[in-house]
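The residues making up each chain are set out below.
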Number of protein chains: 2
Amino acid sequence: MINVFEHPEFNNHQEIHFFQDGETGLKAIIAIHRMFQGSAGGGCRFYPYPGSEEALTDVLRLSRAMTYKFVLADIPMGGAKAVIMGDPEKLKTEKLLEFFGKKVNELNGKYTAGPDVGTNAEDMAVIRRHTSYAAGAQDVGGNTAPMTGYGVFKALSAAWQFQSGGKSLENVRIAIQGFGGVGYHLAQYLDAAGAQIIVADLNPQALEKATKLGYTTVSTLDIISQEVDVLAPCALGGVINEESLPKIRAKMICGGANNQLKKESLISALEEKGILFIPDFISSAGGAIYGAGHLAGKSEEQIQAQADRIYDTTLQVLEKSKNQQIDVLSAAYALAEAKLGERA
Amino acid sequence: MINVFEHPEFNNHQEIHFFQDGETGLKAIIAIHRMFQGSAGGGCRFYPYPGSEEALTDVLRLSRAMTYKFVLADIPMGGAKAVIMGDPEKLKTEKLLEFFGKKVNELNGKYTAGPDVGTNAEDMAVIRRHTSYAAGAQDVGGNTAPMTGYGVFKALSAAWQFQSGGKSLENVRIAIQGFGGVGYHLAQYLDAAGAQIIVADLNPQALEKATKLGYTTVSTLDIISQEVDVLAPCALGGVINEESLPKIRAKMICGGANNQLKKESLISALEEKGILFIPDFISSAGGAIYGAGHLAGKSEEQIQAQADRIYDTTLQVLEKSKNQQIDVLSAAYALAEAKLGERA
């Protein structure tokens, strides 16, 4: 069945735009879940999807998650997302990115792009040659990783507080999957709070850095099955899936990666195993808070104060989940929908 | 399988836009096959498709046909089309049309709308409240039916000339399906040329008009099986299908309806039966010539001269088909692609 409006992940998206260009080989989808005051934003993912079915499913899920991320983090922007189909190693050219920038510009602010898996600050700079609706370019604003790491720390602290009944993070064992920007910054805050840190990363330089800081390092295959209190996925999405689930020994999952659950229905299996999962659109919101705050001309103090509120939001969702006996995802969605309703 | 880029009718469309609005109930798809100098145009169909699969298939086919129609008729515009999903009787409101107009306007000229099945000149006037990119409004330009009928007459004359080896239309029997605007005007020209006319229409007033003019009238169920020389479909598309095909006794099909073939592959069965089919994007181009000419400020004489060239284009395609031993659709596509290549 070929469909879009009936797609299981459609969720009343407002607009979905498909672009194709024979010259550059571009095949892109821009999904706009909800606009707020006429605008929405989200990352631009460049990924070798097997086909547009998978690309569409991904962009719809990611776009909706952006709406929830923004509204729960009090960012006055709607959620959207772009995907470019193809292997960035082979297909990514300046011409293709420029063409994409033109198409973003033609949407006239309904969609603002940012870096995501497969795109980086340099790419955003190329896209910006043809549009001002791209954030996170190397020459505009800065690195969002520190504030993302800070936000994960806030969510994790709140969740630990909730789960442990008020204990500190002293000697709490935390496995961090991915020690690039976000994982590294998260580790700094956890380290300062006295936690014990275990790290995995495919990049040898990242591991060397972790070792120098005194952290335990394990292989990327083993990180998920560590006997720890908290698992913090800070790399790709989809790491919680039917294969990995039986291996997880942590009692809590809270990280900076987007769309950590391969399928949302996995939340039931997690809860049955007694694992507390913090929805990643809450825990990973620091980067978006930083990016949007920067664009809006906020001070570092204002931005940090907004990221601090991730702590309160996390607690609010966990208490709602407990009181109403619903899973945390449903609680987070309900809170997000209520906040969206207040906006309208 | 849920897909767009791999859709069998995708044919390298440049852009496909999906719009949904909860408030008005709008679900619309705007497909842009080829832009020419940044713009493309085509009708806006309002139709109760069972789902977006059927809507997408229809909009992609119609949009591509517009590109071919325009390029073969020397209209400097790319092909596009819009579909609004739903029963116009129930769903069509001013609010919905206004919302659609806003979305058309946001495309900033990449798509210009026109009336089609389920929309009319009044609707275009409502759409124009929010965009100048809509043609065929009651207060802008006039009725395209006379020039469409004239164009069909030109195509039919050329095809008859080709098939009969130069005979006149005197006493040639022609069954016209649909005696609304286009069918009526076609009949006037055929009548003047001495043809014998048989008419069917669901509307009793149209039939009364036909009877007064001295034409034979038959039921809409019987028109397709009339023993005539030429069948001229001037109503809805898809009238040539696996059910109707065995009933057709005409030796030629040439009319003003869009997308007369339910599936393009039916062209082989038609040729096997010895029926000459004139691709409708050639025969029905008079309306587009009139609309575009009107927008461009051409005189009636210039517009008519352009419509006269439908005769030459029809002959050119039929001769190409004969000389290269390919079916007429393939011949028409090849000619259209060659002309598109010259544009680029």
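In short, a report on the structure. (Residues numbered from 1 in each chain as written. Chains lettered and ligands numbered in written order. Predicted model: local features only at pLDDT ≥ 70, side-chain atom pairs only at ≥ 80, totals over all residues. Heavy atoms only, no water.)

**Observations concerning the overall build of chain A**
Regarding its fold elements, chain A presents twelve helices and eleven strands. For a compact globule of 344 residues, the expected C-alpha radius of gyration is about 20 Å, and chain A comes in at 19 Å, within 12% of that figure. In terms of overall dimensions, chain A has C-alpha extents of about 55 × 45 × 45 Å along its principal axes. When burial is assessed residue by residue, chain A has 57% of its 344 residues classed as buried. Approximately 14,000 Å² of chain A is accessible, and the part contributed by carbon and sulfur atoms is 48%. For chain A, the distance from the average position of its 32 positive side-chain charges to the average position of its 39 negative side-chain charges is 1 Å. (Helix = DSSP H or I, 4+ residues; strand = E, 2+ residues; numbered from the N terminus. Rg over C-alpha atoms; globule rule 2.2 N^0.38 Å. Buried < 20%, exposed > 50% of the residue type's maximum accessible area, 1.4 Å probe, protein only. Areas by Shrake-Rupley, 256 points an atom, 1.4 Å probe, with all protein chains shown as cover. Lys, Arg positive; Asp, Glu negative; His and termini not counted. Charge placed at Lys NZ, Arg CZ, Asp CG, Glu CD.)

**Points about the pairing of strand S4 (residues 78–85) of chain A**
Residue and element names in this part refer to chain A. With eight of its eight residues buried, S4 lies for the most part within the structure. Judged by which residues are buried, S4 turns out to be covered on both faces: Gly-78, Ala-80, Ala-82 and Ile-84 on one side and Gly-79, Lys-81, Val-83 and Met-85 on the other are all buried. Across five bridges, strand S2 (residues 26–32) lies against S4 in antiparallel orientation. The residue bridging Ala-28 from the neighbouring strand is Ile-84, located in S4. Relative to S4, strand S3 (residues 40–47) runs parallel, the two sharing six bridges. Looking at S4, one finds that Cys-44 is bridged to Ala-82. With helix H1 (residues 52–72) bridging S3 and its parallel neighbour S4, the resulting β-α-β unit is right-handed. (Pairing = 2+ DSSP bridges. Right-handed = clockwise from strand over helix to strand, strands pointing away.)

**Re unusual backbone geometry**
Residue and element names in this part refer to chain A. At Gln-37, a residue that is not glycine, the phi angle is positive and equals roughly 50°. Judged by relative accessible area, which is 71%, Gln-37 ranks as exposed. We note that Asn-259 has phi near 50°; this positive angle belongs to a residue other than glycine. Assignment of secondary structure puts Asn-259 in the loop between strand S10 (252–253) and helix H8 (266–272). By relative accessible area, Asn-259 is classed as buried at 13%.

**Observations concerning the pattern of salt bridges**
Evaluation of the coordinates by the stated rule reveals 38 salt bridges over all chains. A salt bridge links Lys-110 of chain A to Glu-106 of chain B, with the nearest nitrogen and oxygen atoms 2.4 Å apart. Residue Lys-110 of chain A is found in the loop between helix H3 (94–106) and strand S5 (111–115), and its partner Glu-106 of chain B is found in helix H3 (residues 94–106); the two belong to separate chains. Classification of Lys-110 of chain A as buried rests on a relative accessible area of 6%. In this structure, the salt-bridge partner of Arg-45 of chain B is Asp-58 of chain B, at a minimum N-O distance of 3.5 Å. A residue pair is termed long-range when its members are at least 10 positions apart, and Arg-45 of chain B in strand S3 (residues 40–47) and Asp-58 of chain B in helix H1 (residues 52–72) qualify at 13 residues. As far as burial versus exposure is concerned, Arg-45 of chain B and Asp-58 of chain B are alike and both buried. (Salt bridge = Lys/Arg side-chain N within 4 Å of Asp/Glu carboxyl O.)

**Quick notes on helix H7 (residues 204–212) of chain B**
Two to three positions downstream of the cap, the backbone nitrogen of Gln-205 of chain B sits 2.9 Å from a side-chain oxygen, assigning the N-cap of H7 of chain B to Asn-203 of chain B. One or two steps after H7 of chain B, the chain reaches Gly-214 of chain B, where phi turns positive at roughly 90°. (Polar contact = N/O pair within 3.5 Å; in protein donor to acceptor, adjacent residues only side chain to side chain.)

**Some thoughts on the packing of aromatic side chains**
Two descriptors summarise a pair of aromatic rings, namely the distance from one centre to the other and the angle between the planes of the rings. Under the defined criterion, the tally for this structure stands at 21 aromatic pairs over all chains. Geometrically, the ring pair formed by Tyr-150 of chain A and Tyr-189 of chain A is edge-to-face, given 5.2 Å between the ring centres and 65° between the ring planes. Of the two residues, Tyr-150 of chain A sits in helix H5 (residues 145–164) while Tyr-189 of chain A sits in helix H6 (residues 181–192), which places them 39 residues apart along the sequence. When its relative accessible area of 8% is taken as the criterion, Tyr-150 of chain A is described as buried. Note on Phe-179 of chain B and Tyr-215 of chain B: the rings are 6.0 Å apart at their centroids and 85° apart in plane angle, and the pair reads as edge-to-face. Taken as a pair, Phe-179 of chain B in the loop between strand S6 (173–177) and helix H6 (181–192) and Tyr-215 of chain B in the loop between H7 and strand S8 (216–217) lie far apart in primary sequence, 36 residues in all. Tyr-215 of chain B gets classed as buried once you look at its relative accessible area, which sits at 7%. (Phe/Tyr/Trp six-rings, centres within 6.5 Å; stacked < 30°, edge-to-face > 60°.)

**Remarks on the relation of the copies chain A and chain B**
Each of the two copies of the chain can be brought onto the other by a rotation about an axis and a shift along it. Mapping chain A onto chain B is achieved by rotating through 180° and translating by 0.1 Å along the same axis, at an RMSD of 0.0 Å. Look at the turn and shift together and you get a two-fold axis relating the two. Interface overlap between copies: 100% of the residues of chain A at the interface are likewise at the interface in chain B, consistent with a symmetric, same-surface contact. (Least-squares fit on C-alpha atoms with pLDDT ≥ 70 in both. Contact = heavy atoms within 4.5 Å.)

**Description of the state of the cysteines**
Residue and element names in this part refer to chain A. One pass over the structure, following the stated rule, counts zero disulfides over all chains. This cysteine, Cys-254, is not joined by any disulfide, and Cys-234 carries the nearest cysteine sulfur, 8.5 Å off. Given a relative accessible area of 0%, Cys-254 falls into the buried group. (Disulfide = S-S within 2.5 Å.)

**Quick look at the interface of chain A and chain B**
With 30 residues of chain A in contact, the opposing surface of chain B contributes 30 residues. Of the roughly 2,600 Å² buried where chain A meets chain B, counting both sides, 55% is carbon and sulfur surface. Here chain A and chain B share four salt bridges between them. Viewed at the interface, chain B and chain A are joined by 19 residue pairs in polar contact (both at pLDDT 80 or more). (Buried area = accessible area lost by both parts, 1.4 Å probe.)

**A few points about the sheet that holds S5 of chain A**
Spatial ordering of the open sheet is given by S5(A)-S3(A)-S4(A)-S2(A)-S1(A)-S1(B)-S2(B)-S4(B)-S3(B)-S5(B), a layout of ten strands whose pairing is mixed. Both outer strands of the open sheet, S5 of chain A together with strand S5 (111–115) of chain B, are each paired with one neighbouring strand and no more. Between one strand and the next, the sheet's axes are offset by a mean angle of 20°, whatever the strand orientation. Relative to strand S1 (residues 15–21) of chain B, strand S1 (residues 15–21) of chain A is paired through five bridges, and the arrangement is antiparallel. Residue pairing for S1 of chain B: His-17 of chain A is matched across the bridge by His-17 of chain B. Strands S1 of chain A together with S1, strand S2 (26–32), S3, strand S4 (78–85) and S5 of chain B of the sheet are contacted by H3 of chain B, whose axis makes an angle of about 30° with S2 of chain B. (Axes fitted to C-alpha atoms, helices over the stretch in contact; angles between N-to-C directions.)

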